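Residues per chain are reported as follows:
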Amino acid sequence: MLLPLWVFAIAARLAEAICYVETTEKFPRTIVTPLQNVASLEACKVQGLQISNSEAVVYNYATKVCMLLGKAAPGGVGCDPGYARHVKVKSGCALYDLTTRYDFDPCFAKAKIDPVNLARGSSPICPNKPIDGEASARLYVVAVITPGGAYTMYDNNSASQILWDDTNPTNASWVYRYVYNGRALYSEPIYAATCVYYPAGGAFLYLILTPIWKNFTNDCECDTPLPRESSKNMEQGAMDVVPSTNGACPTNYAGKMIQSRSNAILQCGPCIGTTVVCINSQLILTWPEGAGGHIDSFLLTNGTCYSVEKASEHEKTAVLSFDEICA
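As a starting point, this report considers the structure included with it.

Parameters and conventions
Residues numbered from 1 in each chain as written. Predicted model: local features only at pLDDT ≥ 70, side-chain atom pairs only at ≥ 80, totals over all residues. Heavy atoms only, no water. Disulfide = S-S within 2.5 Å. Helix = DSSP H or I, 4+ residues; strand = E, 2+ residues; numbered from the N terminus. Buried < 20%, exposed > 50% of the residue type's maximum accessible area, 1.4 Å probe, protein only. Pairing = 2+ DSSP bridges. Axes fitted to C-alpha atoms, helices over the stretch in contact; angles between N-to-C directions.

Some points on the state of the cysteines
A covalent bond between the sulfur atoms of two cysteines is referred to as a disulfide.
Thinking step 1. Under the counting rule described, the total for this entry stands at seven disulfides.
Thinking step 2. One disulfide in the model links Cys 107 with Cys 220; its S-S distance is 1.8 Å. Taking the sign of the S-S torsion, -80° for the link of Cys 107 and Cys 220, the bridge is left-handed. Placement of Cys 107 in the loop between β5 (83-89) and β6 (112-114) and of Cys 220 in the loop between α2 (206-209) and β13 (239-240) is noted, with a sequence separation of 113 residues between them. Cys 220 carries the same exposure label as Cys 107, and that label is buried.
Thinking step 3. Between the sulfur of Cys 268 and that of Cys 271 lies a disulfide, 2.0 Å long from S to S. As the torsion about the S-S bond is roughly 80°, the Cys 268-Cys 271 disulfide counts as right-handed. Exposure class is identical for Cys 268 and Cys 271. Each is buried.

Description of the pairing of strand β17 (residues 282-288)
Thinking step 1. Extensive coverage of β17 is indicated by the burial of five of its seven residues.
Thinking step 2. When strand β16 (residues 275-279) meets β17, the two strands line up antiparallel, connected through five bridges. Each residue of the ladder has a partner; that of Thr 275, found in β17, is Thr 286.
Thinking step 3. Between β16 and the antiparallel strand that follows it, β17, lie two residues; Asn 280 among them carries a positive phi value of about 50°.
Thinking step 4. Looking at chain direction, β17 and strand β18 (residues 295-307) are connected through five bridges and run antiparallel.

Describing the sheet that holds β6
Thinking step 1. On the basis of which strands lie adjacent, the open sheet formed by four strands has the order β6-β12-β7-β8 and antiparallel pairing. Both outer strands of the open sheet, β6 and β8 (151-154), are each paired with one neighbouring strand and no more. Averaged over all pairs of adjacent strands, the angle between strand axes in this sheet comes to 35°, irrespective of strand direction.
Thinking step 2. In terms of strand pairing, strand β7 (residues 140-145) meets β8 through four bridges, oriented antiparallel. Directly across from Ala 143, in β8, lies its bridge partner Met 153.

Written out as structure tokens, the structure is:
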């Protein structure tokens, strides 16, 4: 049996926190740009996050116009009782509900958005075991909006957690944190988050209906196989890692894959019980964790399947472990 491994480096928070504060101001601001047909105030705020010189937003619920505002207008005349705005601030953010700040991501148009099951301060972030009387666990990922307004996705497994980090009160924020053996491997500020999954027949149906790495049931495709993991790229008989519901690698093959962000090495052989699926333009390794139908998800950047001696007949499942290299 070949054990999957991890390699990681400790990473500090990569960006400062950001939030909006509802404020009444008595001075005019410059107009950065007006945006038409914006669906909600939260969508308006996300637009403001994406533009660095937008310092405040005003949203009209009747017209669906989102006004992105800049600095105070030079020579502007004050007005009472004032202007109601949501002002972008980068320090002193108070605790808020990060699921209500999450706005629609087109790459999850057909997915189930599940904010109710997002756990704060514990692992995993989203359920990794069967719930609601279902026979098997849902494959959850963590959908996130960054402080810069970008949509992204994180793993959901027993090492992941979301928590409010107010170690430095002037830079308090929600963070996605990856913890192994009690140590934070990386910690990244996030603006909003929710749990996301595809119902049965959704995320996996494409394997029956379409070419093996094309995915038309999710909303953003994985156009190519995963780039190969370099150390095994030249092994005789090496193969690409592609979507598969029957093991991340074929029978009598081992797999060596690199996890996104942590640069962990995930290695299996045999790869029984694992799958590789495409969600939101990224290939994800799913891993059974212990008994009870638990499923963990790991985002991948590279991977190679390579031929090995026939696996022991008594091995029924792959086992995940970590080989730590301090950086």
